[in-house]
Amino acid sequence: MKNYRNANIVVLTGAGISAASGLKTFRSQEGLWEQHAVEEVATPEAYDRNPELVEAFYNERRAQLDYSNTEPNAAHFAIAQLEQQHEGRLFLITQNVDDLHERAGHKQVLHMHGELRKARCPATHQSFYMQGDFSAENKCHCCVPGNRLRPHIVWFGEMPLGMGHIERALTECDVFIAIGTSGTVYPAAGFVRLAKAFGAKTIDVNLNPCYSGAFDKQYEGCATESVPKLVEQILSEQEEFA
């Protein structure tokens, strides 16, 4: 048996890890995002049709990040601790568009679905940090004349970001850990099977485990309790993998 000391670990986080910080998860069972149909606010066609509505929607979501009670939780801090103290490689992928991992101290995060704090030029795809709200007044600095900046968010029908880096990491890792993700949204839902096909040990940390047969080990419960325990086991080498 091998221990985790020098293991190459890939971590994928989903909405479940941010839910404990007060952020709403993905969308409701009715297919609505805060009372909006997905087709109204989360597709390129919606933005072309009504940019003001889409911008207002994402301005509201950005504002949630600034609420006084929206802070990184114990699970975010535990993963940041793992990055800082683990002797092997750690590659963090998140489906979340919030900045809670960074605020917890994690230095390198691949946001495969984009980031609420950023805007993007529709022509060059260069991204910019945004301090204020999205509006028609915000223009890029990479084009002349400047283009109206769109939210740096991957909408339905668009390719997630960094897929080449992600696929390479999954095929090279020793351990794959999924935290707070439903396993229903592709391509992220297929990450566990790709990692497993290349020999990785697979671990699921979820309030309601749903990957039947896909994971070698499952930790059921709230991420704020389960993730710190798992990180402690990894750093103390209590956990082993074949």
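Below is a summary of the structure that appears in this document.

Quick notes on the rules
Residues numbered from 1 in each chain as written. Predicted model: local features only at pLDDT ≥ 70, side-chain atom pairs only at ≥ 80, totals over all residues. Heavy atoms only, no water. Phe/Tyr/Trp six-rings, centres within 6.5 Å; stacked < 30°, edge-to-face > 60°. Lys NZ or Arg CZ within 6 Å of the ring centre and 35° of its normal. Pairing = 2+ DSSP bridges. Helix = DSSP H or I, 4+ residues; strand = E, 2+ residues; numbered from the N terminus. Axes fitted to C-alpha atoms, helices over the stretch in contact; angles between N-to-C directions. Contact = heavy atoms within 4.5 Å. Buried < 20%, exposed > 50% of the residue type's maximum accessible area, 1.4 Å probe, protein only. Expected span 1.5 Å × (residues − 1). Arc of directions from axis to C-beta. Polar contact = N/O pair within 3.5 Å; in protein donor to acceptor, adjacent residues only side chain to side chain.

**Description of the packing of aromatic side chains**
Scanning the model with the defined rule gives four aromatic pairs in all. Ring geometry for Phe57 against Tyr58: centres 4.9 Å apart, planes inclined by 85 degrees, an arrangement best described as edge-to-face. Here the aromatic cluster, defined as three or more aromatic residues joined through ring pairs, consists of Tyr47, Phe57, Tyr58 and Trp155. Its guanidinium or amino end placed over the ring of Trp155, Arg150 lies 3.8 Å from that ring's centre, counting from NZ or CZ.

**Re the sheet that holds strand S7 (residues 114-120)**
If you walk across this open sheet you meet the three strands as S8-S7-S9, and the pairing is antiparallel. The open sheet has two free edges, formed respectively by strand S8 (127-129) and strand S9 (150-153), since each of these has just one partner strand. Across the sheet, the mean angle from the axis of one strand to that of its neighbour is 55 degrees, orientation sign disregarded. Strand direction decides the pairing type here: S7 and S8, joined by three bridges, are antiparallel. Among the inter-strand pairings, Arg120 is bridged to a residue of S8, identified as Ser127. Relative to S7, helix H4 (residues 51-65) is tilted by about 130 degrees, and along the sheet it contacts S7 and S9.

**A short note on the pairing of strand S5 (residues 90-94)**
Burial analysis of S5 places four of its five residues in the buried class, which makes it a mostly covered element. Here five bridges tie strand S2 (residues 9-13) to S5, and the two strands are oriented parallel to one another. Each residue of the ladder has a partner; that of Leu12, found in S5, is Ile93.

**Some thoughts on helix H9 (residues 223-235)**
Spanning 13 residues, H9 covers 18 Å between terminal C-alpha atoms, matching the ideal 18 Å at 1.5 Å per step. If you check which residues of H9 are buried, you get Ala223, Ser226, Val227, Leu230, Val231 and Ile234. In a view along the axis of H9, the buried residues occupy a sector of 125 degrees, so they form one face of it. Away from its buried face by more than 90 degrees, H9 exposes Glu225, Lys229 and Glu232. Elements in contact with the buried residues of H9: S2, helix H1 (15-19), helix H5 (74-85), strand S10 (175-179), strand S11 (201-206) and strand S12 (217-220). Two residues or fewer after H9 comes Glu237, characterised by a positive phi angle close to 65 degrees.

**Remarks on the side chain of Arg150**
You can see Arg150 is positioned in strand S9. In terms of polar contacts, Arg150 uses its side chain to reach the backbone carbonyl oxygen of Ile153, at 2.5 Å. If we ignore the near neighbours within four places in the chain, the residues touching Arg150 are Tyr47, Ala119, Arg120, Phe134, Trp155 and Glu158.

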